[in-house]
Amino acid sequence: MAEILQKDGTWTFDGETVRIVPGNDKGVSLLRRTLGEIAVPLGALAGISFEPGRRSGRLRLRLRDGADPLLAITGGRLDGGSDPYRLTVENSRAGVAEYLVDEVRNALLLDQVPAGPTDRYLLPGPALPITVGAGDGTVGFDGERIRLEWNWKTESAKASGGPRTLALGDVEAVEWLPSAGLENGYLRFLVTRAPASTPPKYDPNAVELWGFKKDPLVALVGAAVVARLPHPYGTGSTPVTGADGTRPGLGTAPGTAGGTTGHATAATGAAAVPGTATAGTRAAAPGTRRPGDGTAGPHTLAGTGTGTGTGMGASTGAGSATVAGQQAGAPAASGTTGYETTGAPSAEALAGAKTSPAKPPADSAAAATPAPTGGDDPDALLRRLRELGELHQAGILTAEEFSAAKQAVLRRL
């Protein structure tokens, strides 16, 4: 473990997390004291450095882009005293600072942590609920709603509408700009259909900042909101709840076919609509079977993705399967009789070891009849009768087909 204690704060590294605790010195900024302790996971770090100086040095953490909602909204515009990822180090403790830098860098190297952007926030942001009064109003956030209240310094055109409450799902983005020179800053919540060109002093969705001591604290409210909005780099981030209480659907990739085996992947793909088909496929009604078909494309049962099959169908789990059709008159795959079945005894148990060509539906009973063998073994014929009964009970053979096939076997006893 590496640790450095200074008046400005304490940094500790245990091999997995850099723990930052602000100091109690009067020179520590109000934002850092309000933010409190920060635990930065190793995976959120892009680098660390120590910058020696004439009177004191400075430790600096560099986080990966998109890892911290506070940095996402401030964009590097926090002054040095308010930046929680900087630590002023006395020259007498420079050796300890360099040791901490070496430890963190070695851990980053060993864990092969990438320095590029992240697709999700790795830090939770400021604790909730949070309320800050600064500039011309007071802004608070409880995790679901943002409340804006005005004071006596607010423009009458803005305050005339009274306090304003915004649902988190109505907020598209958050903007924060600190005061600089004679230019005022602001915290603005961009809402659907709200004009973005309205000056902050007149915008009922913005708090105007005039450069006072508490102004940086307003950035904490913005960071708390940003932490609960979809990540700007995320493709699978959870959407926020809309004003009507619903959640927008996630963008999901369509189901992918399992190579040349005919297996359909339905874990991420959208379910196929009954009665519809894509190019090269034919949709089958749920729970039905198809004899050898006149198309070479695969049949897709409702509720599965599409796939390309060769030979016979394959089950992809409960309630989903993809069956490959066979061209009429073409030889069936080894061990099949021209029927594709799911969830029932296979046809190859019916036909035995020999293969027979696929037949049109009219000859399906003949196709189900066992091929003659060199000898009429009574035990083998009885077994085939039993198998025919199982196929009939499973609904694969109709009563007429079962009767015709049974008579053919009984004639050989």
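Please refer to the structure higher up on the page.
This report concerns the structure included in the present document. The structure displayed is predicted, hence computed values, not measured ones.

Next up on the list: the overall build of the chain. Counting its regular elements, the chain contains nine helices and 20 strands. Counting all 413 residues of the chain, 40% fall into the buried class. Residue pairs at least 24 apart in sequence account for 57% of intrachain contacts in the chain once pairs closer than 6 positions are excluded.

Turning next to the packing of aromatic side chains. By the definition in use, this model includes one aromatic pair. Lying across the ring of tyrosine 186, arginine 188 places its NZ or CZ 5.0 Å from the centre.

What follows covers the nonpolar core. By size, the foremost hydrophobic cluster in this structure holds 62 residues, and its most contacted members are Val40, Leu45, Leu59, Leu61, Val139, Val174 and Phe189. With nine residues, the top contributor of residues to this core is helix H5 (residues 215-226). Each residue touching leucine 45, except ones within four places of it in the same chain, is listed here: Val18, Val40, Leu61, Arg62, Leu63, Arg64, Val104, Leu108, Val113 and Pro114. Core analysis: the next-biggest nonpolar cluster, separate from the first, contains nine residues, Leu385, Ile396, Phe402 and Ala405 among them.

When its volume is computed, the largest pocket comes out at roughly 330 Å³. If you go around the largest pocket, you meet 19 residues; those closest to its centre are Leu61, Leu63, Leu71, Gly76 and Asp83. Of all the secondary-structure elements, those providing two or more residues to the lining of the largest pocket are strand S6 (56-63) and helix H2 (69-74). When residues of the lining of the largest pocket are assigned to their parent elements, the largest contribution, four residues, is made by S6. Taken together, the residues of the lining of the largest pocket break down into seven nonpolar, four polar and eight charged.

Glancing now at the sheet that holds strand S2 (residues 9-13). The four strands lie next to each other as S1-S2-S3-S4, forming an open sheet whose pairing is antiparallel. Unpaired on one side and paired on the other, strand S1 (2-6) and strand S4 (38-41) mark the two borders of the sheet. Averaged over all pairs of adjacent strands, the angle between strand axes in this sheet comes to 10°, irrespective of strand direction. Two strands pair when backbone bridges link them, and strand S3 (residues 17-22) and S4 are joined in this way by four bridges, in the antiparallel orientation. Residue pairing in the sheet places threonine 17 in a bridge with proline 41 of S4. Contacts from helix H3 (residues 94-111) reach S1, S2 and S3, with the element oriented near 140° to S1.

This part is about the side chain of aspartate 215. Looking at where aspartate 215 falls in the secondary structure, it is placed in helix H5. Of the side chains with opposite charge, lysine 153 lies nearest to the buried aspartate 215, which makes no salt bridge, at 8.5 Å. One polar contact links the side chain of aspartate 215 to the main-chain amide nitrogen of phenylalanine 212, over a distance of 3.1 Å. Not counting the four nearest positions on each side in its chain, aspartate 215 is found in contact with Ala134, Gly135, Trp176, Ser179, Leu209 and Trp210.

It is worth spelling out the sheet that holds strand S13 (residues 185-191) at this point. Across a sheet, paired strands are connected by hydrogen bonds in the backbone, their directions being either parallel or antiparallel. Pairing is antiparallel in the open sheet, where three strands are placed in the order S12-S13-S14. Of all the strands in the sheet, the pair left with one neighbour each is strand S12 (171-177) and strand S14 (206-209). Pairwise comparison of adjacent strand axes, ignoring direction, gives a mean angle of 10° for this sheet. Where S12 and S13 come together, six bridges link them in antiparallel fashion. Looking at S13, one finds that valine 174 is bridged to phenylalanine 189.

With burial as the criterion, only one face of S6 is covered, namely that bearing Gly57, Leu59, Leu61 and Leu63; the residues Ser56, Arg58, Arg60 and Arg62 on the opposite face remain uncovered. Bridge analysis of strand S5 (residues 45-51) against S6 gives six bridges, and the strand direction is antiparallel. Considered in S6, the bridge of isoleucine 48 is made with leucine 61. Linking two consecutive strands that pair antiparallel, namely S5 and S6, is a turn of four residues. For S6 and strand S7 (residues 86-90), the ladder comprises five bridges, and the chain directions are antiparallel. Counted as the bridge partner of serine 56 is glutamate 90 from S7.

Thresholds applied
Residues numbered from 1 in each chain as written. Predicted model: local features only at pLDDT ≥ 70, side-chain atom pairs only at ≥ 80, totals over all residues. Heavy atoms only, no water. Helix = DSSP H or I, 4+ residues; strand = E, 2+ residues; numbered from the N terminus. Buried < 20%, exposed > 50% of the residue type's maximum accessible area, 1.4 Å probe, protein only. Contact = heavy atoms within 4.5 Å. Phe/Tyr/Trp six-rings, centres within 6.5 Å; stacked < 30°, edge-to-face > 60°. Lys NZ or Arg CZ within 6 Å of the ring centre and 35° of its normal. Core = buried A, V, L, I, M, F, W, Y, C linked by side-chain atoms within 4.5 Å. 1 Å grid on protein atoms, 1.4 Å probe; cavity = no way out; pocket = protein on both sides within 12 Å on 5 of 7 lines; lining within 4 Å. Points joined across faces, edges and corners; volume = space filled by probe spheres on them. Nonpolar A, V, L, I, M, F, W, Y, C, P; charged D, E, K, R; others polar. Pairing = 2+ DSSP bridges. Axes fitted to C-alpha atoms, helices over the stretch in contact; angles between N-to-C directions. Lys, Arg positive; Asp, Glu negative; His and termini not counted. Salt bridge = Lys/Arg side-chain N within 4 Å of Asp/Glu carboxyl O. Polar contact = N/O pair within 3.5 Å; in protein donor to acceptor, adjacent residues only side chain to side chain.

Any functional reading would require information beyond the geometric quantities listed.
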